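An overview of the molecular structure
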Amino acid sequence: MTNPTRATREDTFRAAAAGLSASFLAVGLAELVAAVVEPSASPFAVIGSGLIDLAPSWAKDTAIALFGTGDKAALIVGIAVVLVVVAAVAGILERRRSGVGAVVLGALGALAVVAAMVRPGAGPFAWLPGLVAGLVAVVVLRLLIARLRPVAGLGPDDEDRRRFLLWTAGVAAAGAVALIVGNVARGASRSIEAVRDALRLPSAARAAAAVPAGAELGIPGLAPVVTPNVDFYRIDTALIVPRVDPADWSLRIHGMVEREMEITWDELLAMPMQESDVTLACVSNEVGGSLIGNARWLGLPVRDLLARAGVDADADMVLSTSADGFTASTPIEALTDDSDALLAIGMNGEPLPIEHGFPVRMVVPGLYGYVSATKWVTQLEVTRFDRATAYWTTRGWSERGPIKLQSRIDVPRRGQQVTAGDAVIAGMAWQQHVGIAGVEVRIDDGPWRAAELATAISTDTWVQWSLDWVAESGTHTIECRALNVDGETQTSDPAAPAPDGAQGWHRIDVSVA
Ligand SMILES: Nc1nc2c(c(=O)[nH]1)N[C@H]1C(S)=C(S)[C@@H](COP(=O)(O)O)O[C@H]1N2
Ligand SMILES: [Mo]
């Protein structure tokens, strides 16, 4: 016979375990159902996306600062931790008073249902995974906990507890199986990868000239002037990358236009494509940061499409919307003037990678991504800044987002140990759509020295620079500043990324030995 107090305390742990295993099975089955009927309706993803959309800007900035592009993984882990705690507490509550824990888990299921249904682009069965999760959690929790309750005044005996343990372990194992099968099902539904792999890009009616030989200095540690797709930074609000089949894709052009239009993928491919080299940058990029990359894009000039639709003279903005509800507000001049704003389908000779907007995204030279570079784009609404706001501009970021004049030191790395003697300092400079005229470097508050500029691909791309340096022992501070073709010098006034982009000089300390 076990000591009753100890047994009660241990029953509390048993109840918590029941809450955990019931929730685990519920989540596993819900993910499995989601994988089969609607991958983007996974309860984890929809709750995470809801949190991302509700989070204040400072929380997102902190998340990006702390976890970088791992911010989404961190969010998923955070949700899982909260779920574990709530599930354990629900088990304990359910043992104390029948129905209480069930209500807690049922409420979580209801939350998942609501979060799934309010997602932009929610499909007809978006509610199903959350419903399955809620029902399974409630029913299984009640069944398990019932085994821990006294029957006819008698507490559970050792035999009851043994059976309870078996059932709890069995439920948890079933949850694991459901999660695994769900993942396999999700993998099997990766047909968008297959569609993408089979795609052949049309050739450009207006091809870009080859990247000039002098554009790439080839200095170890210096960012390559053309960023390989796999290394290209990724920033978006999508927890589950939208999977848009080109066969289902269309773009609607509406609002202040003479002719509302809708074009399909085949119609888009039939139009004359243009290639252009454009460096994309994120407004959240810190001075010296890496949220910037350069690619050769293939796409249809947006102005060709807007010309067909006929833009109202009073319009001053185009609101682009993605398949997952993200929006960006782009000044209309940037899309109608002779610059290379594209509805892009190709990136560095490949179809757009899925996480970079497959099948179609916007690329606008000279503007930060949040006001221009909509991935998985499905709508262009011609409108006015005084009539509509976009995802980030509703969250306090600047309405206009021209890219600021910036430069960064890549070599040597901050804190790197440099060998005394002949050394090289090298980096990147950019102000897309304006152009870089020079870069200056200063060591230990000495005189500014002109760096050697690599050949620019175009004014829409960043440019490499380098400077030879005879490194003397000791610690040194290196700073750089860029000059643009309009004769302006990069400001030394520091500013944080919000609301319209970081500024100030990049400054690093190195020790030479
Ligand atoms: N659909 C969608 N498009 C989006 C975003 C997003 O969150 N969703 N983020 C924008 C931002 S803030 C940037 S900086 C660029 C980044 O593009 P990349 O991930 O291809 O580098 O995409 C833009 N397009
Ligand atoms: Mo961004």
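Residues numbered from 1 in each chain as written. Chains lettered and ligands numbered in written order. Predicted model: local features only at pLDDT ≥ 70, side-chain atom pairs only at ≥ 80, totals over all residues. Heavy atoms only, no water.

The name an unreviewed UniProt entry gives the protein is Molybdopterin-dependent oxidoreductase, with Microbacterium aurugineum as the organism.

It is worth spelling out the site of ligand 1 at this point. Near ligand 1, the surroundings consist of 18 residues, among which Tyr233, Thr237, His356, Arg361 and Lys375 are the closest. Between an oxygen atom of ligand 1 and a side-chain N or O atom of Arg361, the distance comes to 2.7 Å. Between Lys375 and ligand 1, the recorded distance is 2.5 Å, taken from a side-chain N or O atom to an oxygen atom. Calculation on ligand 1 without its partners gives an accessible area of 530 Å², and the protein chains cover 99% of this total. (Near = heavy atom within 4 Å. Polar contact = N/O pair within 3.5 Å; in protein donor to acceptor, adjacent residues only side chain to side chain. Areas by Shrake-Rupley, 256 points an atom, 1.4 Å probe, with all protein chains shown as cover.)

Turning to the UniProt feature "domain: Oxidoreductase molybdopterin-binding" (unreviewed entry) in the protein, a few remarks are in order. Here the UniProt feature "domain: Oxidoreductase molybdopterin-binding" (unreviewed entry) sits at residues 240-388. Regarding residues 240-388, the helix share stands at 11% and the strand share at 38%, and the terminal C-alpha atoms are separated by 26 Å. (UniProt positions renumbered as here; feature names shortened; annotations may be inferred. Helix = DSSP H or I, 4+ residues; strand = E, 2+ residues; numbered from the N terminus.)

Our focus in this paragraph is the pairing of strand β5 (residues 317-322). Within β5, 6 of the 6 residues are buried, which leaves the element mostly enclosed by the surrounding structure. Here β5 shows a buried face lined by Met317, Leu319 and Thr321 and a second buried face lined by Val318, Ser320 and Ser322. Where β5 folds back on strand β6 (residues 327-331), the antiparallel hairpin that results is connected by 4 residues, among which Gly325 adopts a positive phi of roughly 90 degrees. In this sheet, strand β10 (residues 377-383) lies alongside β5 in antiparallel orientation, the contact comprising 6 bridges. Each residue of the ladder has a partner; that of Val318, found in β10, is Val382. (Buried < 20%, exposed > 50% of the residue type's maximum accessible area, 1.4 Å probe, protein only. Pairing = 2+ DSSP bridges.)

With that settled, consider the packing of aromatic side chains. Under the defined criterion, the tally for this structure stands at 10 aromatic pairs. Aromatic pair Trp249 and Trp265: ring centres 6.4 Å apart, planes at 85 degrees, arrangement edge-to-face. Pair noted here: Trp249 is in the loop between α8 (191-198) and β1 (250-255) and Trp265 is in helix α9 (residues 265-269), with a separation of 16 residues, a long-range link. Here Trp249 matches Trp265 in class, with each residue buried. Plain terms: the ring middles of Phe326 and Tyr391 are 5.7 Å apart, the flat faces sit at 35 degrees to each other, and that makes the pair tilted. Of this pair, Phe326 sits in the loop between β5 and β6 while Tyr391 sits in the loop between β10 and β11 (406-411), and the two are 65 residues apart along the sequence. Taken together, the aromatic side chains of Phe326, Tyr370, Tyr391, Trp392 and Trp397 make up a single cluster linked through ring pairs. Positioned over the ring face of Trp448 is Arg481, at 4.0 Å from the centre of the ring. (Phe/Tyr/Trp six-rings, centres within 6.5 Å; stacked < 30°, edge-to-face > 60°. Lys NZ or Arg CZ within 6 Å of the ring centre and 35° of its normal.)

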